[in-house]
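# Observations on chain architecture
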Amino acid sequence: MSATLVKGQNGPLGVPDVVICVQVAAPADLSALLVTERGKVRSDADFVFFNQPTGPGVELRPGRLGQPAALAVALNAVPADIDQIRAVITLDDSRSTFGGIPAPTAMVADTAGNRLYEYRIEGLATESVVIALELYRRHNTWKVRAVGQGYAGGFAALVADHGVTVDEAPQPVAARTPPPAAPAPPTQPVSNYPPSTTPVYPAQQYPPAATPPPGPGYPPPGGHPAAPGHGYPPPGRGSLRPPGPRAASPQPSGEVSLSKDRPVSLDKGQRVTLRKEGGVALTRITMGLGWDPVKKKGGLFASRTIEIDLDAWVAMFADAQLVDVAYYGQLTSKDGSIRHQGDNLTGEGEGDDEVILVDLTRVPAHITTLLFIVTSYQGHTFEQVRNAFCRLIDATTNAELARYTLAGGMPFTAMIMAKVYRVGRDWKLQALGEGFHARHPGEAVPQLGRFITAR
């Protein structure tokens, strides 16, 4: 059983190798500063972060799904002149603050995964960076201390205070004008830590994302658990298809026709009847969805690709009544007409990132609408995604028939890409590109009604 620490409390480490991990309710990074008894690094090599994942005795390893990386520390391999190892949590969005999210938690475990210590970091307000824990030497042994010292001045200020060379500071982001707010209480410095050179400002207020309560039967945030009772294997990456031929120039809004010669490029709101030239109805279609994560830039960090976990899924409706969902926890609809090919967690690679197969002949007669949706599981917005598209493929010939590409990023965590719906005996596809706020099907389903009725 693990011991719970409070700020300033310490405890012994009785094992030679430990792992530090954190739980944060927003995209964040974990890093480590290896400092001497003076509280400074010996050189930039003593700074372990995503662009330099290894240091003397410390290694940054991939964390659990949806959480920052973990720090693996071999205490016996830490150089003798390193007195402390400070674990630092940094929010990805520099405009965000810890005061706007639930308190993060830092944990220390052994290499077998047995949790030794846990520290819930409370009392943070305007800070976007916090020294969570430190491992330190005491009489030839190692101990852990709960620190919880926040930095409102940002990551570059913190590492510079610790002696790391910052060649090129990131450009400041213009701050929004907040409504009046009471100043946060000053943070009490912990002895031996270099003071922040930037004053603490009152917390900025931003409008919260509209997040409805999760619907029944879908997983809550905190991982990608499979829905119980369906017996489907956990989703893999799935088979990715190469990109199709270049789409034709956009046509005016309204309804367009499919062409056998080249794919149709759809504008937002345009519709197409799912019949080939000659009037033959499409029976088996593939919906390919793709995106590329943007690269995050900054002088100290150079550039890196943000890992963005987007999930494509399909909601099946009978008029306005939700009937079923094919998603990462249930890869095949209950009637077998829709088959999701698996979950791509990053958007890396060419071509389709996720592929969904639809056999229109097996869709039950009472199903009137299929919504193709993409949600951001970790809460990244589509401002952090580029080249997002969906494309319609004739699954019989594997020919691309139509493509819809999102124009620019939008400040939403969910997107209705397209709708396939019945009109008489025909099926039509409409490009939507409508954004809203949801991270998984449970949060999205209560908001889908307006997209069913819209034509």
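Since the model is a prediction, treat every value here as computed from it, not as a measurement.

Pairing is antiparallel in the open sheet, where 6 strands are placed in the order β2-β13-β12-β9-β4-β5. One side of each edge strand has no neighbouring strand; the edge strands of this open sheet are β2 (10-12) and β5 (47-48). Bridging between β2 and strand β13 (residues 141-151) involves 3 bridges; their strand directions are antiparallel. Bridge assignment links N10 to a residue of β13, and that residue is R145.

Summarising the element assignment, P263 is placed in the loop between β14 (255-256) and β15 (264-266). Judged by relative accessible area, which is 3%, P263 ranks as buried. With 136 residues separating them along the chain, P263 and A399 place their C-alpha atoms 8.4 Å apart.

Next up on the list: the sheet that holds strand β7 (residues 58-61). Hydrogen bonds along the backbone pair up the strands of a sheet, which may run parallel or antiparallel. If you walk across this open sheet you meet the 7 strands as β1-β11-β10-β3-β8-β7-β6, and the pairing is mixed. One side of each edge strand has no neighbouring strand; the edge strands of this open sheet are β1 (3-5) and β6 (54-55). One ladder, built from 2 bridges, connects β6 with β7; its direction is antiparallel. Bridged to G55 within β7 is V58.

Another aspect to go through is the nonpolar core. Nonpolar side chains in soluble globular proteins tend to be buried together. Core analysis: the biggest nonpolar cluster contains 40 residues, and L274, V358 and L370 have the highest contact counts within it. Ranked by size, the runner-up nonpolar core spans 37 residues in total, among them A32, V130, L133 and V144.

A positive phi angle, close to 55°, is found at H139, a residue other than glycine. Summarising the element assignment, H139 is placed in the loop between β12 (129-138) and β13. One non-glycine residue, N398, lies in positive phi territory at about 65°. Position of N398 relative to the elements: it lies in the loop between β25 (385-394) and β26 (399-405). Overall, the relative accessible area of 47% leaves N398 in the partly exposed class.

Oppositely charged side chains can form a pair if their charged atoms are brought close together. What the rule picks out here adds up to 13 salt bridges. With a shortest N-O distance of 3.0 Å, E122 and R120 are connected by a salt bridge. Assessed through its relative accessible area of 51%, E122 is described here as exposed. In this structure, K268 engages E434 in a salt bridge whose closest nitrogen and oxygen atoms are separated by 3.4 Å. Within this pair, whereas K268 is found in the loop between β15 and β16 (271-273), its partner E434 is found in strand β28 (residues 426-436), the two being separated by 166 residues in sequence. Residue classification places E434 among the partly exposed residues on the basis of a relative accessible area of 30%. Through salt bridges with shared partners, a single network forms among R42, D46 and D81.

This part is about the pairing of strand β27 (residues 414-423). Counted residue by residue, β27 has 8 buried out of 10 residues, so it is predominantly covered. In terms of strand pairing, strand β24 (residues 369-376) meets β27 through 7 bridges, oriented antiparallel. Residue L370 lies in a different strand from β27, and its bridge partner there is V420. Where β27 hands over to β28, the hairpin turn is made up of 2 residues, of which G424 adopts a positive phi near 65°.

On to the environment of A109, then. Examined against the element boundaries, A109 turns out to sit in strand β10 (residues 105-110). Not counting chain neighbours up to four residues away, the residues in contact with A109 comprise D17, V18, V19, N114, R115 and L116.

Turning our eyes to something else, we now look at empty space enclosed by the protein. Per the stated rule, a full pass over the model turns up 2 cavities of 30 Å³ or more. Approximately 50 Å³ is the volume attributed to the largest cavity. Looking at the largest cavity, the residues that line it are L266, M287, C390, R391, L392, A402, R403, Y404, A418, L429 and A431. For the lining of the largest cavity, the secondary-structure elements that each account for two or more residues are β25, β26 and β28. Residues that form the lining of the largest cavity fall into these classes: 9 nonpolar, no polar and 2 charged. Put simply, the parts of the chain that give the lining of the second largest cavity at least two residues each are β17 (284-293) and β25.

On to the pairing of strand β23 (residues 354-359). On a regular strand, each side chain points to the face opposite its neighbour's, so the side chains alternate between the two faces of the sheet. With respect to burial, β23 is a largely interior element, 6 of its 6 residues being buried. Side-chain alternation along β23 places E354, I356 and V358 on one buried face and V355, L357 and D359 on a second face that is also buried. Of the strand pairs in this sheet, strand β22 (residues 338-340) and β23 are connected by 3 bridges, and their pairing is antiparallel. Paired with H340 across the bridge in β23 is I356.

In this section: the packing of aromatic side chains. Per the stated rule, a full pass over the model turns up 5 aromatic pairs. With 5.9 Å between their ring centres and 80° between their planes, Y328 and Y377 make a pair best called edge-to-face. Of this pair, Y328 sits in the loop between β21 (321-326) and β22 while Y377 sits in the loop between β24 and β25; the two residues are 49 residues apart in sequence, bridging distant segments of the chain. Take Y377: its relative accessible area is 6%, and that puts it in the buried class. Ring pairs connect the aromatic residues F47, F49 and F50, which therefore count as one cluster. If you follow R403 out to its NZ or CZ, it ends over the ring of F389, 4.6 Å from the centre.

Here is what the cut-offs are and how they apply
Residues numbered from 1 in each chain as written. Predicted model: local features only at pLDDT ≥ 70, side-chain atom pairs only at ≥ 80, totals over all residues. Heavy atoms only, no water. Pairing = 2+ DSSP bridges. Helix = DSSP H or I, 4+ residues; strand = E, 2+ residues; numbered from the N terminus. Buried < 20%, exposed > 50% of the residue type's maximum accessible area, 1.4 Å probe, protein only. Core = buried A, V, L, I, M, F, W, Y, C linked by side-chain atoms within 4.5 Å. Salt bridge = Lys/Arg side-chain N within 4 Å of Asp/Glu carboxyl O. Contact = heavy atoms within 4.5 Å. 1 Å grid on protein atoms, 1.4 Å probe; cavity = no way out; pocket = protein on both sides within 12 Å on 5 of 7 lines; lining within 4 Å. Points joined across faces, edges and corners; volume = space filled by probe spheres on them. Nonpolar A, V, L, I, M, F, W, Y, C, P; charged D, E, K, R; others polar. Phe/Tyr/Trp six-rings, centres within 6.5 Å; stacked < 30°, edge-to-face > 60°. Lys NZ or Arg CZ within 6 Å of the ring centre and 35° of its normal.

Read these as geometric descriptors, not functional statements.
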